[in-house]
Amino acid sequence: MNTKFLHLTSRPTPESATVRQLSKFVQPINENTFCLVILNYFLTDPKLYALPVINIMNIPVGLIDRHLFVEYFSRLYVPEIYGKRTVMQFLTENLATFTDTTPIIVDESTCIDDAAKMIVSAGMQHMVTGIIITRDGEYLGLASGHDLLNEITLRKQSDLYFLAHFDHLTGLPNRMLFGDRLMQACRDSLRNETLVGLMFIDVDRFKQVNDSLGHGVGDILLCAIAARLKTCARESDTVARLGGDEFAILMENLTDYEFPKIVALRIVESMQDQVIISGHSLSITVSIGIAIYPTDDTDVTVLLTKADTAMYEAKSRGRNGFCNYSPNLLMYNSEKMSLETELKNAVKNNEFVLHYQPKISLNDGQVIGVEALIRWQHPTRGLLSPIHFIPLAEENGVIVEIGNWVFREACNQHRRWTDAALPATNMAINVSSLQFRKEGFVESLKVIFSDTGVNPNFIEIELTESTLMHNEAGILEKLNQLKEIGLRLSIDDFGTGYSNLNYLKQFPIDSIKIDQSFIRDIDTTPVNESIVRAIVTLANSLSMTSIAEGTESDSELEVVKRCLCDVAQGYHYAKPLAPQDFIQWLGTFQSNSMKDTDQLLLT
Ligand code: C2E
Ligand code: MG
Ligand code: MG
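Fair warning: this is a prediction, and the values are worked out from it, not measured in the lab.

Scoring rules and cut-offs
- Residues numbered from 1 in each chain as written.
- Chains lettered and ligands numbered in written order.
- Predicted model: local features only at pLDDT ≥ 70, side-chain atom pairs only at ≥ 80, totals over all residues.
- Heavy atoms only, no water.
- Donors = N, O, S within 2.8 Å, 3.2 Å for Na, K, Ca; no water.
- Helix = DSSP H or I, 4+ residues; strand = E, 2+ residues; numbered from the N terminus.
- Phe/Tyr/Trp six-rings, centres within 6.5 Å; stacked < 30°, edge-to-face > 60°.
- Buried < 20%, exposed > 50% of the residue type's maximum accessible area, 1.4 Å probe, protein only.
- Salt bridge = Lys/Arg side-chain N within 4 Å of Asp/Glu carboxyl O.
- Near = heavy atom within 4 Å.
- Polar contact = N/O pair within 3.5 Å; in protein donor to acceptor, adjacent residues only side chain to side chain.
- Areas by Shrake-Rupley, 256 points an atom, 1.4 Å probe, with all protein chains shown as cover.
- Pairing = 2+ DSSP bridges.
- Axes fitted to C-alpha atoms, helices over the stretch in contact; angles between N-to-C directions.
- Contact = heavy atoms within 4.5 Å.
- Parallel < 35°, antiparallel > 145°, perpendicular 65-115°, else oblique.
- Left-handed = near helix turned anticlockwise from the far one by under 90°.
- Nonpolar A, V, L, I, M, F, W, Y, C, P; charged D, E, K, R; others polar.
- Arc of directions from axis to C-beta.

Please explain the coordination of the magnesium ion (ligand 3) as it appears in this structure.
Octahedral metals with six donors have ideal donor angles of 90 or 180 degrees. Tetrahedral metals with four donors have an ideal donor angle of 109.5 degrees. Coordination of the magnesium ion (ligand 3) by the protein involves Asp492 (OD), Asp493 (OD), Glu549 (OE) and Glu549 (OE), with metal-donor separations of 1.9 to 2.7 Å. For the magnesium ion (ligand 3), all donor residues lie on one chain, and their spacing in sequence is D-D-x55-E. In this structure, the magnesium ion (ligand 3) lies 4.0 Å from the magnesium ion (ligand 2), and both are coordinated by aspartate 492. With a gap of 57 residues between them, aspartate 492 in strand β19 (residues 488-494) and glutamate 549 in the loop between β21 (545-548) and α22 (554-562) connect regions that are remote in the sequence.

How do you make sense of the packing of aromatic side chains when you look at a structure like this?
Per the stated rule, a full pass over the model turns up 11 aromatic pairs. Ring geometry for phenylalanine 352 against tryptophan 376: centres 5.8 Å apart, planes inclined by 45°, an arrangement best described as tilted. With phenylalanine 352 in strand β14 (residues 352-361) and tryptophan 376 in strand β15 (residues 367-378), this residue pair connects regions lying 24 residues apart in the sequence. Judged by relative accessible area, which is 0%, tryptophan 376 ranks as buried.

What should I look at first to understand the pattern of salt bridges in this one?
Should their charged atoms come close, side chains of opposite charge can pair. All chains considered together, the criterion is met by 24 salt bridges. Across the salt bridge formed by lysine 513 and glutamate 462, the nearest N and O atoms sit 2.8 Å from each other. With lysine 513 in strand β20 (residues 511-514) and glutamate 462 in strand β18 (residues 459-464), the pair connects residues that are 51 residues apart, well separated along the chain. By relative accessible area, lysine 513 is classed as buried at 0%. Its relative accessible area of 2% is what places glutamate 462 among the buried residues. Each of the salt bridges in this network shares a partner with another, and the network as a whole consists of Lys359, Glu371, Glu460, Glu462, Arg488, Lys513 and Glu549.

Quick question: what am I supposed to make of the coordination of the magnesium ion (ligand 2) here?
Looking at the magnesium ion (ligand 2), one finds its protein donor set to be Glu371 (OE), Asn430 (OD1), Glu462 (OE) and Asp492 (OD), positioned 2.0 to 2.3 Å from the metal centre. Considered as a linear motif, the donors of the magnesium ion (ligand 2) on their single chain read E-x58-N-x31-E-x29-D.

What exactly am I supposed to notice about the site of ligand 1 here?
Ligand 1 sits among 23 residues. The nearest are Arg375, Asp492, Gln516, Glu552 and Tyr571. The separation between an oxygen atom of ligand 1 and a polar side-chain atom of glutamine 516 is 2.8 Å. Take glutamate 549: an N or O atom from its side chain is 2.9 Å from an oxygen atom of ligand 1. Relative to its free-state accessible area of 790 Å², ligand 1 is covered by the protein chains to the extent of 92%.

Even after reading the chapter, I still don't get unusual backbone geometry, so can you show me in this structure?
Peptide bonds are, in most cases, trans, and in most cases residues other than glycine have a negative phi. Cis geometry is found at the peptide bond from tyrosine 293 to proline 294, where omega equals 0°. The backbone of asparagine 350 shows a phi angle near 60°, a positive value even though the residue is not glycine. For asparagine 350, the location among the structural elements is in the loop between α12 (336-348) and β14. For asparagine 350, a relative accessible area of 57% corresponds to the exposed category.

Quick question: what am I supposed to make of the sheet that holds strand β13 (residues 321-324) here?
Picture the strands of a sheet paired through backbone hydrogen bonds; they go either parallel or antiparallel. Taken in spatial order, the five strands make up an open sheet running β8-β9-β7-β12-β13, and their pairing is mixed. Of all the strands in the sheet, the pair left with one neighbour each is β8 (238-243) and β13. Each adjacent strand pair in this sheet contributes to an overall mean axis angle of 20°, direction not counted. Across seven bridges, the pairing between strand β7 (residues 195-203) and strand β9 (residues 246-254) is antiparallel. Each bridged residue has a counterpart across the sheet, and for phenylalanine 200 the counterpart in β9 is alanine 248. Where helix α7 (residues 175-192) meets the sheet, it contacts β7, β8, β9 and β12 (286-293), and its direction lies at approximately 20° from that of β9.

How should the side chain of asparagine 174 be read in this particular structure?
Assignment of secondary structure puts asparagine 174 in the loop between α6 (145-165) and α7. Excluding residues within four positions of it along the chain, asparagine 174 makes contact with Leu163, Ala164, His165, Phe166, Asp167, Ala240 and Arg241.

Mind showing me how you'd approach the packing of helix α16 (residues 441-452) against helix α18 (residues 475-485) here?
Any two packed helices are characterised by how steeply their axes cross, that is the angle between the axes, and by the distance between the axes. Closest axis-to-axis distance for the α16/α18 pair is 10 Å, and the angle between their directions is 15°. As judged from the angle between their axes, α16 and α18 are roughly parallel. By crossing handedness, the relation of α16 to α18 is classed as right-handed. Here α16 contributes Phe441, Val442, Leu445, Lys446 and Phe449 to the contact with α18, which in turn contributes Lys478, Gln481, Leu482 and Ile485. Residue classes in the contact of α16 with α18 are distributed as six nonpolar, one polar and two charged.

Looking at this structure, how should I read α18?
Because each turn of an α-helix spans 3.6 residues, side chains separated by three or four positions end up pointing in the same direction. For α18, the complete set of buried residues consists of Ile475, Lys478, Leu479 and Leu482. The buried residues of α18 occupy an angular sector of 100° when projected down its axis, which confines them to one face. Turned more than 90 degrees from where α18 packs its buried face, Glu477 and Glu484 sit exposed. Here the buried face of α18 lies against α15 (433-437), α16, β18, α17 (465-469) and β19. Glycine 486 lies just past α18 and shows a positive phi near 115°.

See the structure below:
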């Protein structure tokens, strides 16, 4: 019976119809008078919580009580009887407990899930007895309620297990299962004297994709990333999604430290092909942090934090790469809650500072401006880079307040430098999407200009591609208003978001900042050089200035120059510097370039 039940496949016949069909079989036609009594009882009293079983000849042969799971059969069916008591005994004992519940009768074609749904929605009472299976209203057999209960329980258990241990979107193990496996792997590793590699992977700028193209696209992208990660790991490694855009890989039984690096490189490379979703061609990169058990820590929780720290380091080194944990990295506890509260107070407590990184013209070697970059002078964690808090601030909206502070402070600094008779430099300020889209943004800038007396012609706003890609009316209007005030506009991290370049023609943009992922290793990666050349040509044709972000080495600078980039910015010249350090740097830089010029004149 159970087997038959499990093979049921399609939707049930409406219950009421089946009950009606059954009633037509009730005729006082045979010697089983007790059955007749019961059947009459059943049919005349809708409250009776029992159901007759009718044989293939339309003869009532038994009764099932769904309340107590007692079945009564006529003599013919005695061998199949589960219940042991007589009908009268049963009726006398239980009539009072019958409840007003419609019996469940399912057609043979009913699938188990539908039957389960009916039972669950009927309050599970029917679980304790059984289900009558009929075909065209004829009794075919019984499905034991207990079997069904077991089946439902098993399914529920496996559903619950899946829900509790796997990520619904990607099907990968979730944080909980990953944690269990990590613990187990660490225990095994001690026994086997092997290493465990732990890798944290965060998708760079995922929020921008989600914000501008919608969660649907974001979800598909996460699935695509999950698939790529799986191809980079071994079959025996656990690739998990920890939540949001965070993934992790657990590598067990390692015997050398190099393996996680190889996998990390493989992952970075595997992300190079664009992902095409709903007509959007997306470039994705990831930042990876690696920690090794037991070398980096023997406490699993601390090990996780260390991999996280290494991941943030990879991000602050320009994203699209990996970093191994090392003790000199500033420990960052990603405990969001406390950070969030602290972040909200940070503006009030005046804990933010701006550092300034110069931009150098490649035509004449002069400093043409600086970019203001925020840092958080955290009371206990030290100086935090924006990668640690800007995403959170964007998530909870505090970015608007922080952004206002940055703008005012950068203008104040500009004022102080001008007052100190320093050569007037352009000041570039990063503006996040939320801040830009906020109503009253343009007006708030006007207030700052009037308060500080700074000439807007010296101020440049850096916006990311995704800010401009927002499908919102009014973006062009806002950009035009900013241009009217006299501000310059530039696109930050160009090339990382979208290949749709239409917006470039439409918007009044002054410069393009080529993302540092294209500048990194440009001297050894010909494809990067080709991309940079193409972007420079594009910028020229649209009369925009091209800026190479993240220029680090001499040879990178050589290639950047060869590509005819207009401006370079990066550690090659200077890291972002505190205001007083910047002034010192500027003095040295200018006197060196004077010497270089003199040298040039002499030769
Ligand atoms: P960004 O605007 O693209 O800034 C460039 C980032 O690259 C800065 O990181 C800078 O320190 C780093 N960098 C510059 N040259 C080099 C180099 O040669 N090599 C490497 N590896 N890195 C280099 P930082 O200061 O950590 O800022 C990260 C991002 O945080 C910024 O990227 C920007 O998107 C955001 N950010 C910074 N300050 C602000 C702000 O005031 N407001 C907003 N909304 N975002 C900000
Ligand atoms: Mg920037
Ligand atoms: Mg940038």
